[in-house]
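Working through the structure, step by step
Spelled out from the first residue to the last, the chains are:
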Amino acid sequence: MRPAPDEAALRVRAATAADLPAIAALHTGARAAYHRARFPDAPFDVLAERARWHDAWSRDLARDDTPALCAARHGTVVGAASYRHRADHRRPAVTLHQLQVDPGHWGNGVGRALHSACLRAWRAAGFSRAVLDVLWHNHRARAFYTRLGWRPDPDRRPAPDATHLTLTLDLATAQAPPAPAGR
């Protein structure tokens with residue numbers, strides 16, 4: 001069992017370009033960890049993957065329509081999230097584009113803190129619904145989102161190749177803990 005994390009040391013804030021190398025590294029490590037469960041011999045934590053996620057996060061951080069957050073513990077970035085408005089005029093929503101946590105910090109409240117910060121921002125922006133796509137075989141992430149109230153989107157079936165599942169969250173009923181004091 002892991003020791004209880006120092007909750008006061010975890011800070012969620014807007015991500016900046018200075019956070020980019022740390023975000024790319026933790027994203028690469030997280031993807032490697034959850035893909036190894038399905039493909040144990042594939043090399044996911046390689047320089048090409050880190051470069052790929054560095055470029056992807058660089059584009060996200062440069063977009064005006066994609067707010068990005070990071071979670072830092074004792075000054076070290078240990079998680080990141082980004083989201084954007086979904087261009088679906090039938091059922092407008094915000095899309096959780098990324099939520100990644102360094103595997104060494106899984107189970108220590110980092111993902112929940114990022115999720116809570118997203119909920120507060122989405123509600124403040126007037127959104128009533130959120131959606132996300134999760135890899136079908138990423139059972140850990142699917143369980144995390146289920147615990148937070150996300151459910152399969154009735155308007156979207158799983159991908160034809162069964163690689164991912166679209167989940168939705170009603171923001172009017174989703175529970176978010178209060179914002180941490182002094183943050």
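Residues numbered from 1 in each chain as written. Predicted model: local features only at pLDDT ≥ 70, side-chain atom pairs only at ≥ 80, totals over all residues. Heavy atoms only, no water.

Next up on the list: the packing of aromatic side chains. Counted under the stated rule, the structure contains four aromatic pairs. Ring centres of F144 and Y145 lie 5.2 Å apart, and the angle between their planes is 70°; this geometry places the pair in the edge-to-face category. Here the aromatic rings of Y145 and W150 are separated by 5.9 Å at their centres, their planes lie at 70°, and the arrangement is edge-to-face. For Y145, a relative accessible area of 7% corresponds to the buried category. Put simply, the rings of Y83, W122, F144, Y145 and W150 touch in pairs and so form one group of aromatic residues. If you follow R142 out to its NZ or CZ, it ends over the ring of W136, 4.3 Å from the centre. (Phe/Tyr/Trp six-rings, centres within 6.5 Å; stacked < 30°, edge-to-face > 60°. Buried < 20%, exposed > 50% of the residue type's maximum accessible area, 1.4 Å probe, protein only. Lys NZ or Arg CZ within 6 Å of the ring centre and 35° of its normal.)

What follows is about the nonpolar core. Of all hydrophobic cores here, the largest spans 32 residues; its most connected members are L96, L114, W122, Y145 and W150. Sorting the residues of this core by element identifies α1 (20-36), β2 (68-73), β3 (76-86), β4 (93-101), α3 (110-124), β5 (129-135), α4 (139-147) and β7 (164-170) as the ones contributing at least two each. At six residues, α3 tops the list of elements feeding residues into this core. If we skip the residues at most four places from it in the chain, Y145 touches L96, L99, L132, V134, W150 and L167. With 11 residues, the next largest nonpolar core counts L20, W53, A56 and A80 among its residues. (Core = buried A, V, L, I, M, F, W, Y, C linked by side-chain atoms within 4.5 Å. Helix = DSSP H or I, 4+ residues; strand = E, 2+ residues; numbered from the N terminus. Contact = heavy atoms within 4.5 Å.)

Here we come to the pairing of β7. Across the seven residues that make up β7, a large majority, five, are buried. In this sheet, β7 lies alongside strand β6 (residues 151-152) in antiparallel orientation, the contact comprising two bridges. Its bridge partner being in β7, R151 is matched across the sheet by T168. (Pairing = 2+ DSSP bridges.)

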